[in-house]
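Spelled out, the chains give:
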Amino acid sequence: MSCLFCQIANKEKESDEVFEDDQFFVFKDINPKTRIHVLIIPKRHIESVNHMDEEDVELVGTLFLTAKRMAEQLGVADSGYRLEINVGRGGGQIIDHLHVHLMAD
Ligand code: AMP
Ligand code: ZN
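The paragraphs below set out a description of the structure included in this document. Given the structure is predicted, the values throughout are model-derived calculations rather than measurements.

Turning to the packing of aromatic side chains, a few remarks are in order. How two aromatic rings sit relative to each other is given by the distance of their centres and the angle of their planes. Counted under the stated rule, the structure contains 2 aromatic pairs. With a centroid separation of 5.3 Å and 80° between ring planes, the pair formed by phenylalanine 5 and phenylalanine 27 is classed as edge-to-face. Taken together, the residues span a long stretch of sequence, with phenylalanine 5 in helix 1 (residues 4–9) and phenylalanine 27 in strand 2 (residues 24–28) at a distance of 22 residues. Both residues of the pair, phenylalanine 5 and phenylalanine 27, belong to the buried class. Between phenylalanine 25 and phenylalanine 27, the ring centres sit 6.0 Å apart and the planes meet at 40°, which makes this aromatic pair tilted. Here phenylalanine 25 and phenylalanine 27 have matching classes, each one buried.

What follows deals with the pairing of strand 2. Burial of strand 2 is extensive: 4 of the 5 residues sit out of reach of the surface. Pairing of strand 1 (residues 17–20) with strand 2, which is carried by 3 bridges, proceeds in the antiparallel orientation. Bridged to glutamate 20 within strand 2 is phenylalanine 25. The turn linking strand 1 back onto strand 2 is made up of 3 residues. Pairing of strand 2 with strand 3 (residues 36–42) involves 5 bridges; the strand directions are antiparallel.

In the vicinity of ligand 1, 17 residues are found, and the nearest of them are Asp29, Gly92, Ile94, His99 and His101. Within the side chain of aspartate 29, a nitrogen or oxygen atom sits 2.5 Å from an oxygen atom of ligand 1. Histidine 101 places a side-chain nitrogen or oxygen 2.8 Å from an oxygen atom of ligand 1. At a threshold of 2 Å from the grid points, most atoms of ligand 1 map onto the largest pocket.

Rules behind the numbers
Residues numbered from 1 in each chain as written. Chains lettered and ligands numbered in written order. Predicted model: local features only at pLDDT ≥ 70, side-chain atom pairs only at ≥ 80, totals over all residues. Heavy atoms only, no water. Phe/Tyr/Trp six-rings, centres within 6.5 Å; stacked < 30°, edge-to-face > 60°. Helix = DSSP H or I, 4+ residues; strand = E, 2+ residues; numbered from the N terminus. Buried < 20%, exposed > 50% of the residue type's maximum accessible area, 1.4 Å probe, protein only. Pairing = 2+ DSSP bridges. Near = heavy atom within 4 Å. Polar contact = N/O pair within 3.5 Å; in protein donor to acceptor, adjacent residues only side chain to side chain. 1 Å grid on protein atoms, 1.4 Å probe; cavity = no way out; pocket = protein on both sides within 12 Å on 5 of 7 lines; lining within 4 Å. Sits in = over half its atoms within 2 Å of the grid points.

And the structure:
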């Protein structure tokens, strides 16, 4: 398996873990751009939003619910935060495994 984020979700590669359940893995971004900067990834490999299809709709809905819960857990739900999803090289995507950036100052 050559995908870095699959390796992180499988714990084949170390990360600063924040949360895990059967579908998602959440860890701190190695190069944080804000005080709080975590990445929320589905354990199942989906390359990007461009590679989503009908069968992923429920998973991606739950991905956003997980982002909301992470914001609560990290204490920024009320003060506010930013969710970012980059798609493709022109959109700033470097890692080809769907991920949501959760960022807050
Ligand atoms: P993107 O540009 O949307 O593909 O975001 C990829 C993010 O992954 C960047 O913010 C990187 O800092 C972060 N990143 C890369 N490698 C690691 C790693 N091993 N652990 C945690 N975050 C990483
Ligand atoms: Zn992957």
